[in-house]
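# Chains, contacts and geometry: an overview
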Amino acid sequence: METSQREREKFTGIIRPFRESDVLAVREILKHWLQDDGVIAYDEVDEDIADMRKSSQPNSNISMFVAEENGNVVGMMGLSIPPKDPLMQYAKTDRPSELRIAYVHANHRIG
C-alpha cells in the first residue's frame, strides 16, 4: 500500500502537560472521535475533559499531555499510574500504567 505525502511527514511540534486553556481545542478533537452515526457522546466528551482537569490537581495519579504544533493543540494522551484495580492483575512491571486517552486531530494524523 502506497503512503501519502502527509503520512511521510514528521511531527514537528511539542508534547507538554495539559493546561486549562487547552479545553476548547481538546473538546473539538473529542467531539470528532466520540460519536456514532453523527451523534456526539457528550457524556464521554465531558468525562474525558474532567479526567484531563484532574491531572492538574496536586497528587493526581493521572498525567495528561497535549501535542501542540504551530501553537495549536493537535492531539492528547493520558496515563494513570497505577492503573485501575481490575487491570492490576495483568501488570508485568513494578510500576505499571494505564493508557486512559489518546486522540489526534483528524487533520493531523500522520504515519
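Conventions and cut-offs
Residues numbered from 1 in each chain as written. Predicted model: local features only at pLDDT ≥ 70, side-chain atom pairs only at ≥ 80, totals over all residues. Heavy atoms only, no water. Helix = DSSP H or I, 4+ residues; strand = E, 2+ residues; numbered from the N terminus. Buried < 20%, exposed > 50% of the residue type's maximum accessible area, 1.4 Å probe, protein only. Contact = heavy atoms within 4.5 Å. Lys, Arg positive; Asp, Glu negative; His and termini not counted. Charge placed at Lys NZ, Arg CZ, Asp CG, Glu CD. Core = buried A, V, L, I, M, F, W, Y, C linked by side-chain atoms within 4.5 Å. Pairing = 2+ DSSP bridges. Expected span 1.5 Å × (residues − 1). Arc of directions from axis to C-beta. Salt bridge = Lys/Arg side-chain N within 4 Å of Asp/Glu carboxyl O.

Here we take up the overall build of the protein. The helix and strand tally for the protein stands at 4 helices and 6 strands. In the protein, the order of α-helices and β-strands from amino to carboxyl end is α-β-α-β-β-α-β-β-α-β. Sorting the 111 residues of the protein into buried and exposed places 29% on the buried side. Taking as baseline every contact in the protein between residues at least 6 positions apart, the subset at least 24 positions apart corresponds to 53%. If you average the places of the 14 positive and of the 19 negative side-chain charges in the protein, the two averages end up 5 Å apart.

Among the residues making up helix α2 (residues 23–33), those that are buried are V23, V26, I29, L30 and K31. Contacts made by the buried residues of α2 are with β2 (35–36), β3 (39–40), α3 (42–54), β4 (62–69), β5 (72–80) and β6 (98–104).

This part is about the nonpolar core. One finds F18, V26, L30, M52, V66 and M76 to be the most contacted residues of the largest nonpolar core, which totals 15 residues. Breaking this core down by element, the ones donating at least two residues are α2, α3, β4 and β5. Examining the composition of this core, we find that 4 residues originate from one element, α2, more than from any other. Ignoring sequence-local partners within four residues, the contact set of V66 consists of I14, I15, R16, P17, F18, D22, V26, M52, V73, G75 and M76.

Attention now moves to the pairing of β4. Taking burial as the measure, the 8 residues of β4 include 6 buried ones, the bulk of the element. Pairing between β4 and β5: 8 bridges, direction antiparallel. From the neighbouring strand, V66 faces β5, where its bridge partner is M76.

Let us now look at α3. Structural remark: α-helix, 3.6 residues per turn; residues separated by three or four positions point the same way. Taking 1.5 Å of rise per residue, 13 residues should cover 18 Å, and α3 covers 18 Å from first to last C-alpha, within 8% of that figure. Of the positions making up α3, those classed as buried are V45, D48, I49, D51 and M52. Buried residues of α3, seen end-on, are gathered within an arc of 155° and therefore sit on one face of the element. What points out from α3, more than 90 degrees from its buried face, is the exposed set D43 and E47.

Going through the model one piece at a time under the given rule, you end up with 9 salt bridges. Across the salt bridge formed by E68 and R16, the nearest N and O atoms sit 2.7 Å from each other. Placement of E68 in strand β4 and of R16 in strand β1 (residues 14–17) is noted, with a sequence separation of 52 residues between them. Classification of R16 as buried rests on a relative accessible area of 8%. A salt bridge links K54 to D51; the shortest N-O distance between them is 3.5 Å. On the criterion of helical spacing, the pair formed by K54 and D51 is a turn pair, its members being 3 residues apart in helix α3. Given a relative accessible area of 39%, K54 falls into the partly exposed group. One salt-bridge network, held together by shared partners, links R16, R19, D22 and E68.

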